Amino acid sequence: MVLRPNPSSFAPIFTMEDLRFFHHFLIAAYPPLPVQADSVWNNVAALSHGYDYLVHAMLGLAASHLSLLTTNANESSSSSQAALTHRIKSISLLNASLSTPCSSPAEGDARFASILIMAFQASCLPDGMNEFLSMIRLCSVIADAGENSIFKDLVERGYSDNMRKMTAKTKAEEVERKGFLLEPAQERLVDGFLGSLGRLRAGIVVGEESEDLVEEGRGLQMRILEGLEGAARTSKVSPAQAFQELMSLYSPMINASNADFASLTDPANHRAQILLLHFFLMEFALGDLSLGAFRPRFRFRRKVCFAWLNEVARRLPQTAEYAELIEWPLEFGQKVFAPRERT
């Protein structure tokens, strides 16, 4: 008896590079939420063999994360291409899955995990600023964690509360020290940030973008701007408290009306995009001061924030008004994010 191999059975589905991505996801690239719940992502990995969209989401995030960590240009480019391929496959397969009702708690967890993973992948992409917010918003829309869901705590607490939880230890240490003082250079950065927000406030109030863009999102944008101003002032005495205040701003963005959210994340709404830049620049700076043991999980955002800053600046109309509105973010980016030449 002669056994004849079926050629289709040998068709490669995943490569050796994908195995590397899978390993990197498990040890370094999995999302930092839920807080201190690594076992959740071990359970997700155990689910992945049954849900192809979940596997591709995991591989896509790991590839994007690796592309930011490597200093080899060719390796970074290769990982970025693989990341995009896996992301497209995951989105396509997940869309097909979402067209039918969820059949089990495990499938519900696989769907939620995939969207959360792709949200954090967006936070690794050089053009992912608006997509990151859209994916976090989508997580809240589809969240329906039952009693047996591995994401029950995350869904009940929400994104903002889970992020605030990371600073609890730092805040307690500040209280124990009976205060916190910024260094003079840091205080100048805060003052510059507040001055930049002041210029942006005037632009939002009397904006010259299309009336639809300005009117639809003005209330939400002013709420974000005022929250940023409050958090900046708080940062002079407690960066951890300021970070917690800043995280509270995710809620109005996530829960905004469709029209307000579309206006905020519209690349053509330049003032709103500059406002979001201020939010993410402040998030990185305060996180660097207050995230403590969680700081390494967000270190890759340095490179990403610099890319988001340059992407928004590149799209701005070449006018004196926009040059003034983007001036401080660009100066901040050069001081904090720009790669330094080795001597």
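Shown above is the structure to which this text applies.
This text gives an overview of the structure that appears in the document.

What counts as what
Residues numbered from 1 in each chain as written. Predicted model: local features only at pLDDT ≥ 70, side-chain atom pairs only at ≥ 80, totals over all residues. Heavy atoms only, no water. Helix = DSSP H or I, 4+ residues; strand = E, 2+ residues; numbered from the N terminus. Buried < 20%, exposed > 50% of the residue type's maximum accessible area, 1.4 Å probe, protein only. Phe/Tyr/Trp six-rings, centres within 6.5 Å; stacked < 30°, edge-to-face > 60°. Axes fitted to C-alpha atoms, helices over the stretch in contact; angles between N-to-C directions. Parallel < 35°, antiparallel > 145°, perpendicular 65-115°, else oblique. Left-handed = near helix turned anticlockwise from the far one by under 90°. Contact = heavy atoms within 4.5 Å. Nonpolar A, V, L, I, M, F, W, Y, C, P; charged D, E, K, R; others polar. Core = buried A, V, L, I, M, F, W, Y, C linked by side-chain atoms within 4.5 Å. Salt bridge = Lys/Arg side-chain N within 4 Å of Asp/Glu carboxyl O. Expected span 1.5 Å × (residues − 1).

What to know about the overall build of the chain
A tally of helices and strands in the chain yields 16 helices and zero strands. Counting across all 343 residues of the chain, residues that qualify as buried make up 50%.

Comments concerning the packing of aromatic side chains
As enumerated under the stated definition, the model contains 13 aromatic pairs in all. With centroids separated by 6.1 Å and ring planes inclined at 65 degrees, the aromatic side chains of F132 and F280 adopt a geometry described as edge-to-face. Placement of the pair is F132 in helix α6 (residues 129–142) and F280 in helix α14 (residues 270–290), with a sequence separation of 148 residues. Across the pair, exposure class does not vary: F132 and F280 are buried alike.

Some words on the packing of helix α5 (residues 105–122) against α6
The interhelical angle for the contact between α5 and α6, taken along N-to-C directions, is 165 degrees, at an axis separation of 8 Å. Put simply, α5 runs roughly antiparallel to α6. Note that α5 runs across α6; the crossing there is left-handed. For the pair α5 and α6, the contacting residues are R111, F112, I115, L116, M118, A119 and A122 in the first and E131, F132, M135, I136, L138, C139 and I142 in the second. Classifying every residue of the contact of α5 with α6 gives twelve nonpolar, no polar and two charged.

Considerations on the packing of helix α11 (residues 239–247) against α14
At a minimum axis distance of 9 Å, the contact between α11 and α14 shows a crossing angle of 145 degrees. Crossing of α11 against α14: the hand is left-handed. Residues P239, A240, A242, F243, L246 and M247 of α11 touch α14, and the partners they reach there are F279, M282, E283, L286, G287, L289 and S290. Its residues placed into classes, the contact of α11 with α14 shows ten nonpolar, two polar and one charged.

Observations concerning unusual backbone geometry
Peptide bonds are mostly trans, and most non-glycine residues show a negative phi. Here the residue pair L33 and P34 is connected by a cis peptide bond, since its omega of -5 degrees sits within 30 degrees of zero. Along the chain, the position of P34 falls in the loop between α1 (16–29) and α2 (38–47).

Here's the deal with the nonpolar core
By size, the foremost hydrophobic cluster in this structure holds 104 residues, and its most contacted members are W41, L54, F151, Y159, L228, L246 and Y250. In this view, Y250 contacts F132, L133, Y159, S160, F279, F280 and E283; residues no more than four positions away in its chain are not counted.

Notes on the environment of L68
Within the secondary structure, L68 sits in helix α3 (residues 52–69). Residues L68 and R301 lie 233 residues apart in sequence; the distance between their C-alpha atoms is 8.9 Å. What L68 contacts, discounting residues up to four positions off in sequence, is C124, F300, K303 and V304.

Some details on the pattern of salt bridges
This structure, assessed with the given rule, holds eleven salt bridges. Residue D288 pairs with R295 through a salt bridge whose shortest N-O separation is 3.6 Å. For D288, a relative accessible area of 33% gives the class partly exposed. Residues joined in a network through salt bridges with shared partners are E187, D191 and K236.

As for α5
With 18 residues, α5 should reach 26 Å at 1.5 Å per residue; the first-to-last C-alpha distance of 26 Å fits that figure. In terms of burial, α5 is largely enclosed, as 15 of its 18 residues are buried.

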